[in-house]
Amino acid sequence: MLRRFFSYYGPYKGLFILDMTVALLSSILSIVFPSLTRYLLNDVIPAGNFRMMMLIFSAMLAVYVFEGISTWIRVKWGHILGVRLENDMRRDIFAHLQTLSFSYFDKTKTGTVMSRITNDLFNIAEVAHHGPEDLLISLVTIAAAYVAMFAFSAPLAAITIIPLPIMLAYGIVYNRRLKQKSREVRRTVADVSVDVENSIQGIREVKSYAQEGFQNRKFSKTNTNLKQTREAYYSVMANYQGMMNFMRNMYYMITVVGGVILLFFGVVTAGDIVSFILFVSVVLPPIDRLINFTEQFSQGAASFERFIEIMDIKPEITDVPGAEELVVKAGEIRYEDVSFSYEDRDGINVIDDLNLEIPAGKMVAFVGESGAGKTTLISLLGRFYDIKSGRITIDGTDIRNVTQKSLHQNIGFVRQDVFLFDASIRENLRYGKSDASDDELWAALRNANLYDFVASLPKGLDTEVGERGTRLSGGQKQRLSIARAFLKNPPILVFDEATSSLDTESEALIQDAFSRLSEGRTSIVIAHRLSTIIDSDIIYVIEKGRVIEKGRHEELLEADGTYAHLYRRGIQ
């Protein structure tokens, strides 16, 4: 794991070396000021050497100037190093997520993925930048300071080192408790955010069902939990900071008391005591760094493990070696002895030994009760899931032998649950064709019966549609999705019809747009309102993953089977 972690430093070795070099020099020079002070008080001033005194003052100034420059370099370029490492990891994990199959997202919460991309990568970047730097500065500074202190006065150095391990042990243990309480606060803050978000997004339902009181009580419980969690956090913080402040003061006191006693017996000089007090001020910040490093490292290591966990997930669906580009010539589709089951169904087939044919250039409808397997069939055609047995072919070519990209480029999906990005109409349309001109966009809107609406908007194509298209009606979203398909211009079209909940006018506009779009293409319609597919060339009735009826509308009505029953029930 460490090897993979350090591999991200590769492109930025120069920045890393600069950061570490400056940190090392800064640590070593931090002991220069106390050493020069001791020399000044013990030797230079008693000797009356004014020239040497000026030289020492100049050296002190030079040390502080260098430390200022060092701090600037570490703050700017050290953080830039962390930002670039985080950026590379975010790029890699995002690109990897694009390759994963639908099955991964079926069983993984969006919030979990977002946490990996934001919080975890931030923790990793903090360790990548601050970890090596803090560890180096802390160890070198403390070691160098005590080497100098023991060289100047071993008895006084031995006295001052007594509180050091106690401070480190207490700081590490209590800092972990503080961080744990901090995480609990973040979790409860997230709970409050979720409650507020849900209440705002569902405000229409809240008011429609007169549940304002329920929402207030629910929020009050979460809000009280946040208050109690924060109070507990500040209680631990008070214990931690109060005791650490006491031990810092004791560190100084032990140094002064021990120094005065040794001065009384003539073991040290006044200059030694002053320099040791300055050494204590040099040692204390690295102790804080070491304490923070232990928690930061554990968080960063856990975050990187979660990062690797995702990066090591292999897509369940991949292109076979030598996969060819799919070129649709006619558009004939066949399902041959196809069986399929989802992972969470304990091996129970959703599609079971299914056979059907979709002739080139024809419109075919799938009908059946909810859960019959209709949507699964089109997901299998797009190879969003791989079949368990059998094969699906387009113009005689098994879809597993072509690249997924070329397969998706040749199929246009107009889904029941239209997804629009929180962007402008223009940007949403260009998912159909990324380099489409405005003239092409307007032509697609005209074909989708949405031209007049968009043209009437003050910002036209630049109108923002809102999150998931909340600023558009259901019919407008559906027609925008159809316009997107017009731009894509695929030879095969899949329409998961969703007009049952729309008004008659919207349904008519969508049906007219779809008829125009499907002309001359192989089209598959999942019908929710059977009156909309009576002109289909073939209607397949699906039940429990099998085809139980097949024919044209009139033939199926005459057969008086499942289709006839569904049709009569739908028009009643």
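A few points on the structure.

About the thresholds
- Residues numbered from 1 in each chain as written.
- Predicted model: local features only at pLDDT ≥ 70, side-chain atom pairs only at ≥ 80, totals over all residues.
- Heavy atoms only, no water.
- Helix = DSSP H or I, 4+ residues; strand = E, 2+ residues; numbered from the N terminus.
- Expected span 1.5 Å × (residues − 1).
- Polar contact = N/O pair within 3.5 Å; in protein donor to acceptor, adjacent residues only side chain to side chain.
- Pairing = 2+ DSSP bridges.
- Axes fitted to C-alpha atoms, helices over the stretch in contact; angles between N-to-C directions.
- Contact = heavy atoms within 4.5 Å.
- Core = buried A, V, L, I, M, F, W, Y, C linked by side-chain atoms within 4.5 Å.
- Buried < 20%, exposed > 50% of the residue type's maximum accessible area, 1.4 Å probe, protein only.
- Salt bridge = Lys/Arg side-chain N within 4 Å of Asp/Glu carboxyl O.
- Parallel < 35°, antiparallel > 145°, perpendicular 65-115°, else oblique.
- Left-handed = near helix turned anticlockwise from the far one by under 90°.

A look at helix α4 (residues 50-99)
Thought 1: An ideal rise of 1.5 Å per residue puts 74 Å on 50 residues; α4 measures up with 73 Å between its terminal C-alpha atoms.
Thought 2: Where α4 begins, the side chain of Asn49 points an oxygen toward the backbone nitrogen of Arg51, at a separation of 3.5 Å.

Thoughts on the sheet that holds strand β8 (residues 522-526)
Thought 1: Across the sheet, which stays open at both edges, the six strands sit in the order β6-β7-β8-β3-β9-β10 with mixed pairing between neighbours. At either end of the open sheet lies a strand with only one pairing partner, and these are β6 (411-414) and β10 (546-551). Each strand of the sheet is rotated relative to its neighbour by a mean of 20 degrees, with strand direction disregarded.
Thought 2: The sheet contact formed by strand β3 (residues 363-367) and strand β9 (residues 538-543) spans four bridges and is parallel. Among the inter-strand pairings, Val367 is bridged to a residue of β9, identified as Val541.
Thought 3: Strands in contact with helix α12 (residues 374-381) are β3, β6, β7 (492-496), β8 and β9; relative to β8, the strand with the most contacts, it is inclined by about 150 degrees.
Thought 4: Against the sheet, helix α17 (residues 474-488) touches β6 and β7, its axis set at about 175 degrees to β6.

Describing the nonpolar core
Thought 1: Counting 40 residues, the largest nonpolar core has Leu429, Ile482, Ile533 and Tyr563 as its most contacted members.
Thought 2: For this core, the secondary structure elements donating two or more residues are β3, α14 (425-429), α15 (438-447), α17, β7, α18 (504-518), β9 and α20 (562-571).
Thought 3: Broken down by element, this core gets its largest block of residues, six residues, from α17.
Thought 4: For Ile533, the residues in contact, after removing those within four places along its chain, are Ala365, Val367, Val525, Ala527, Ile539 and Tyr563.
Thought 5: Formed by 36 residues, the second largest nonpolar core is a distinct cluster that contains Ile358, Ala372, Ile378 and Ile399.

Examining the pattern of salt bridges
Thought 1: Under the defined criterion, the tally for this structure stands at 20 salt bridges.
Thought 2: Linking Glu133 and Arg74 is a salt bridge whose minimum nitrogen-to-oxygen distance equals 3.4 Å. With Glu133 in helix α6 (residues 110-152) and Arg74 in helix α4, this pair connects stretches of sequence that are 59 residues apart. Residue Glu133 shares its accessibility class with Arg74, and that shared class is buried.
Thought 3: Asp438 is the salt-bridge partner of Arg426, the closest N and O atoms lying 3.0 Å from each other.

Observations concerning the packing of α15 against α17
Thought 1: Orientation of α15 relative to α17, taken along the N-to-C sense of each, is 125 degrees, at an axis distance of 8 Å. Compared by their axis directions, α15 and α17 come out oblique. By crossing handedness, the relation of α15 to α17 is classed as right-handed. Residues Glu440, Leu441, Ala444, Leu445 and Asn447 of α15 pack against Leu480, Ala483, Phe486 and Leu487 of α17.

Thoughts on unusual backbone geometry
Thought 1: The phi torsion at Arg383 lies on the positive side, around 55 degrees, for a residue other than glycine.
Thought 2: By the secondary structure assignment, Arg383 is in the loop between α12 and β4 (389-394).
Thought 3: Of note in the backbone geometry, Asn489 takes a positive phi value of approximately 55 degrees without being a glycine.

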